[in-house]
Amino acid sequence: MSTSMTPPSSTRQRTGAGPAVQTGERVITPAPPGVPQSPLEESSRRSRWGVVILLALALVWTLVPLLWMLLSSFKSRADVTAATPQILFTPTVENYVNLFTGPNNLGPYIWHSVLAAGISALLAVCLGALAGYGLARTQMRGKRHLAFWIISTRMAPIAAVVVPLFLIFRGLGLIDTIPGLVLAYLTFNLPFAIWLMSAFFAEVPPSLEESALVAGCTRWQAFYTVILPLTKSGLVTTFVLCLVFAWNDYAFAVVFSGPNSQTLPIAASQLVTQTGIDWGQLTAIGTIVVVPMMLAGLAVRRWLVTGLTLGAVTGE
Amino acid sequence: MTHVADSSPVFRPARPEPATLKEPRVGFEGRMMTPGLILLAALSIVPFLALVAMSFSLVRLLGGVRLDIVGFRNWARFFTDGDLWLSWLRTVVYFVLTVGLEMVLGVAIALCLYRVLRGRNIMLSLLLLPMFAAPSIVGLLGRYLTDSTFGLYAWVLRSLGYTGDILGSPVSAFAAVVLMDVWEWTPLIALITLAGLSSVPQSVREAAAVDGARGWMTLRYILFPAISNVLLVALLIRSMDAIRYFDIIWVTTNGGPADATKIIPVRLYETAFRFFDLGYAAAIGLAMLVFSIIIARTFVRLLDVRGLTR
Amino acid sequence: MDRNSSQPSRRDVLRGALAAGASLALGGSLSACGSRSDAPWTASDDQWRQFQGATLNFISENTAPTAAIAANTRPFTDLTGINVNIVTLELTALVQRVALDLASGRAQYQVIYADPYQVLAPYQRGLVDLRSLQADPNLPDLPGGVEDFIPAQMDAAGRFVDREAVYALPYDAPTMIWQYRRDLFEKYHDRMADDLGFDPVPGGERTWEEYLQIAQWFGKNATSDVRYGTGHQARQHDSLMNDFSNVLWSYGGDYFDNGKEVGRLGKRDPGPCRLDSDAAIAGAAFYNRLLGVADPASKTWDWDGVGAAFRAGRLAMCPNWHEFAASNEQVMPGKVGYAALPKGPAGTANMYGGTGVGISANTLPHERGAAWLFLVWATSPETQLANLKSKAGGGTPTRTSVYELPEVRAAERRPSPMPNMLTAAAVRQAWRAENIGLRPKIPMWNECNTAIFTQLSRMLSGAATPEEAMRSIKSRVDQIVARGWVA
């Protein structure tokens, strides 16, 4: 089941509060059988064809570059830059082998990427869950300003903030270390995680904590044992999105990494050398960078929306 | 700048003010926020203040960084730099084109998907893929596809009779980098819009069916009003990142040809890290921050008017 | 109730935060210790082994010689007991990291690939004067001394303003030469000679005007073999300035007064830009015309792009860095010839793009010694010879003595085990003092360069006439130079 198939009820069900949950004035009831899921469904045949063609075009537009990258990564040196694009060719794993056997073995790069992106995403989720909960429930004055300030820190232009951050990090000895990269990634992941998590928490009706408190829980227990499990999907989604952002980063890595902490996107840029770009290896690296994040992204696809729309979808 | 200036509330939750407390639970929320906000403040306020200071200085690098205060020199240059203003103009065009196209195409795709019942999930999954790709890789891939010697797209266009060079002339290069961005981020809009469409309450849809509203009418009078909030949120999310990421341009055209794709973040990067004119770069960076904040603020306010932010 | 009950929670929160903070701080302090302490030193009779156990970080552009060295650092480690980490980056990223590293006051990178225009000139004070190390009796000498390096290259890549001080040792020497399809020039030689009225064989006698005619001729008559006569690296990029400068100089134009001096030793304040001279404008007009007959994709290519297109058999000829010979030979063995670039009214000019390796002035004494060992080794005749043979590409030597080795001499002819040496005759001519093309070595070059290639790109896109382009470059460069440079 996915959000998009039976959307009105799915978000509610996730909160585990049962069908009685109300959002504002709207009571959400499951669709009675027989009623079409989409109101446009009965419209004319002709426009149906239009839809199919449009979707087919969209699929081609979206997938061709990715498939081409995948194909090219299995091409030999001559095929990959052949003047007429080669669709039939003898596949070779040469490019991948070269990536892992050359002087610049890709192994450590992958490890650094996994560590830096993973730890940064984990920290962002932990701190983001705490702060996001606080932000969702607080009734302080200027709450909105606070929320906006949090997200505005994410808008800071990278090239401008990198210099002061570099000097601070250097002072703390964080340059060319995984913790340094983790902190650098937190500059954009932390505000994002706080915002995202607060959207997920806002969906959980406060009545749940109230009943937990009545039952004798402390606030922390109510949060930890009642509310947090309800937002598991939110935690996973936030983690994955933070992971994707950190994994894909190039601008911070280029400044803060060093011989002991280079990440995958840096490895990709290193293939653009003074004496020619090795497109075979580059498409291979591209595939290695892109595929894991796509899989991770798809795994949380059905919860992405709630987070990304910051709760506004449900009309709260 | 007013916004960052009134960032003081950050520290408020740390020590609850009795006056505003209706009940003591505010303190709990404050404590929950403390670790995250302190770290965030450390990571953002210090660089921000450094940036402000740098924008009024000449920054010396060798032998440790020093700031020589030069007053408003960087800012005076900022306001009189003709090349820079052209870049701003290009940035606005780029912004409107990318975000606009992404909205139009994203909504169109979402509407199509909405009408399809069978295979919707698998199609949505496939269509979403680009948004998880690293922008720098997207740029390199774009460069590979448009290379006039061996690029797939260049080859296709040539077979269709296009003789020019995609990244070689100003207009087509600009179009190409816009399209690469559109390729990567349209899926995000489609995803959000589809969610919005799917959450249109059953009762509204039924009412529409009873009234016999069809096709365009349904769209215009029922669906769009129902999802306009979601569209605004999508706009907000996209516009925050639209000019922050410039990896694609950096990798493909490097701002050329004839400066056609040199939008502000590219110029900022160049001023900071190729010319090491850090004072001037700080001024440009601050202006960019203001630009992003104004845009984000506008959308947030629109949402506020609709009473949609909590 | 809340006050009390929230105590454990606060503790939990704090514990989490502390754990996170501590792990960061720990990682931080450990690495801080690591970078602050000097390299180990052990008394040893062998000068080469005194720093064994040290680790050096070498930051380099991803160039051919670095690829060759990176592919095989074992000989150095075996010789000295020093480990070398090599970080290769694209030039812009390299300059960014080097500048920040120099600014931070501590050397993360002890050995620096010092591009003369983007690193040496702006950050000369961040580099060690190598004479102090050469003079140190406890450290090994440079084999053959500084004199063994090709003189023009020693000055261009290793010195700045001061005639004596040495900040870097010449490490690679890419130079732009005329690369052409020998097979096609032979095939069409007689027809071309008849049609054009001159002998088209590339060499010292050809002029740019003739180059253009040859290109046109190929475009018209040889389309079964190649799509275009010539291709250029005319993307809005450093490469465009390089490609244009060859023409500019051969037409007698120059960026500043006393251009040869500003190019060879460099200047802190070069005075007014001279691109508005008649000779410069004539050069620009010719370049614009040349690009008009060149492959239109030239405007999207840097040196990689034009190199790949040439290897793909799309072009009959192009000006490009001579170190591309190795990959040309791999793809089309025996088919490519090399010559110095054509002449203009003022002779030939061949852009030199060589670079030196230097040592960060932020290094501590023993690190500095270890870095010197690496410099001596990396530029030694043996290493340069090994690089020439390397499968990973390999650059070309910067030492006179290496070019005189019989083995290397023999490799100038096919079949050659060192394909880059096939260009030897051409580059020997290109490196003569009167033929070598040296761009201005001034601290603010990066910004000037950007103004230059941006306006050239506008000219090529038709948005400005050659004269307008030259004048707008002049006014921008004058402004940039007037702002001066502080580092």
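These figures come from a predicted structure and were not determined experimentally.

Engineer: I would appreciate a short explanation of the interface of chain B and chain C in the present structure.
Structural biologist: For an interface, size is often stated in terms of accessible area lost upon the parts coming together. Listed as interface residues are 34 residues of chain B and, on the opposing side, 37 residues of chain C. Elements that contribute at least two residues to the side of chain B that touches chain C include exactly α2 (25-55), β1 (57-60) and α12 (264-273) of chain B. With six residues, the top contributor of residues to the side of chain B that touches chain C is α2(B). Class assignment for the residues of the side of chain B that touches chain C results in 16 nonpolar, 11 polar and seven charged.

Engineer: It is not clear to me how helix α8 (residues 178-203) of chain A should be interpreted in this structure. Could you clarify?
Structural biologist: One turn of an α-helix holds 3.6 residues; hence residues three or four places apart share an orientation. Over its 26 residues, α8(A) extends 35 Å from the first C-alpha to the last, a length consistent with the 38 Å expected when each residue adds 1.5 Å. Buried residues dominate α8(A), accounting for 25 of its 26 residues.

Engineer: I tried to follow the sheet that holds strand β2 (residues 83-89) of chain C on my own but got confused; where do I start?
Structural biologist: One key point about sheets: their strands pair by backbone hydrogen bonds, in either a parallel or an antiparallel sense. Residue and element names in this part refer to chain C. Strands sit in the order β2-β1-β3-β10-β4 across an open sheet of five strands; the sheet is mixed. Edge strands, defined here as strands with exactly one partner in the open sheet, are β2 and β4 (169-172). Strand-to-strand twist in this sheet, taken as the mean axis angle between neighbours without regard to direction, amounts to 30°. As judged from the two bridges shared by strand β1 (residues 55-61) and strand β3 (residues 111-114), these two strands associate in the parallel manner. Looking at β3, one finds that Ile59 is bridged to Ile112.

Engineer: Sorry if this is basic, but what is going on with unusual backbone geometry here?
Structural biologist: Trans peptide bonds make up the majority, and among non-glycine residues the majority have a negative phi. All names here are of chain C. The omega torsion across Arg414 and Pro415 is -10°, close enough to zero to call that bond cis. The topology assignment puts Pro415 in the loop between α19 (406-410) and α20 (424-430). Even without glycine at this site, Asn258 takes up a positive phi of about 60°. Here Asn258 is to be found in the loop between α11 (238-250) and α12 (259-264). The exposed category is assigned to Asn258, around which 12 C-beta atoms lie within 10 Å.

Engineer: Is there a simple way to think about the environment of Asn85(C) in this case?
Structural biologist: Secondary-structure assignment places Asn85(C) in strand β2. Along the sequence, Asn85(C) and Ala68(C) sit 17 residues apart, while their C-alpha atoms lie 14 Å from each other. If sequence neighbours within four positions are ignored, Asn85(C) has contacts with Pro259(A), Thr55(C) and Asn57(C).

Engineer: Explanation requested: the sheet that holds strand β7 (residues 315-321) of chain C in the structure shown.
Structural biologist: Residue and element names in this part refer to chain C. Strand order in the open sheet made by the four strands is β6-β7-β5-β8, with mixed pairing throughout. Each having just a single partner strand, β6 (228-230) and β8 (336-339) make up the two edges of the open sheet. With direction set aside, neighbouring strand axes in the sheet form an average angle of 25°. Here helix α10 (residues 208-221) sits on the sheet and contacts β6 and β7; the angle it forms with β6, its principal contact strand, is near 165°.

Engineer: Can you help me understand the packing of helix α4 (residues 82-115) of chain B against helix α8 (residues 170-198) of chain B in this one?
Structural biologist: Two numbers describe a pair of packed helices, the interaxial angle and the distance between the axes. All names here are of chain B. Where α4 contacts α8, the two axes come as close as 7 Å, and the packing angle between them is 45°. Classified by the angle their axes make, α4 and α8 are oblique. In the packing of α4 onto α8, the handedness of the crossing is right-handed.

Engineer: Quick question: what am I supposed to make of the confidence of the model for chain C here?
Structural biologist: Should the pLDDT be low somewhere, the predicted coordinates at that spot are not to be read in detail. All names here are of chain C. Of the residues in chain C, 92% reach a pLDDT of 70 or more, and the chain-wide mean stands at 88. Within the model, pLDDT remains below 50 along residues 1-35, and this stretch shows 46 contacts once partners closer than five positions in the same chain are excluded. With pTM at 0.83, the complex prediction returns an ipTM value of 0.83.

Engineer: In this structure, what is going on with the domain arrangement of chain C? I would like to understand it.
Structural biologist: Residue and element names in this part refer to chain C. Assigned domains of chain C: these are domain 1 (10-174 + 354-389) and domain 2 (176-351 + 440-483). Between domain 1 and domain 2, the C-alpha centre-to-centre distance is 34 Å. Each partner contributes residues to the interface: domain 1 has 14 residues there, and domain 2 has 13 residues. Of all the elements in the fold, those that place two or more residues in the side of domain 1 that touches domain 2 are α5 (116-123) and α7 (151-158). For the side of domain 1 that touches domain 2, the residue count by class is 10 nonpolar, one polar and three charged.

Thresholds applied
Residues numbered from 1 in each chain as written. Chains lettered and ligands numbered in written order. Predicted model: local features only at pLDDT ≥ 70, side-chain atom pairs only at ≥ 80, totals over all residues. Contact = placed C-beta atoms within 7 Å. Helix = DSSP H or I, 4+ residues; strand = E, 2+ residues; numbered from the N terminus. Nonpolar A, V, L, I, M, F, W, Y, C, P; charged D, E, K, R; others polar. Expected span 1.5 Å × (residues − 1). Buried ≥ 20, exposed ≤ 12 C-beta atoms within 10 Å, placed from the backbone. Pairing = 2+ DSSP bridges. Axes fitted to C-alpha atoms, helices over the stretch in contact; angles between N-to-C directions. Parallel < 35°, antiparallel > 145°, perpendicular 65-115°, else oblique. Left-handed = near helix turned anticlockwise from the far one by under 90°. pLDDT = per-residue confidence, 0-100. Domains from an automatic or database assignment.

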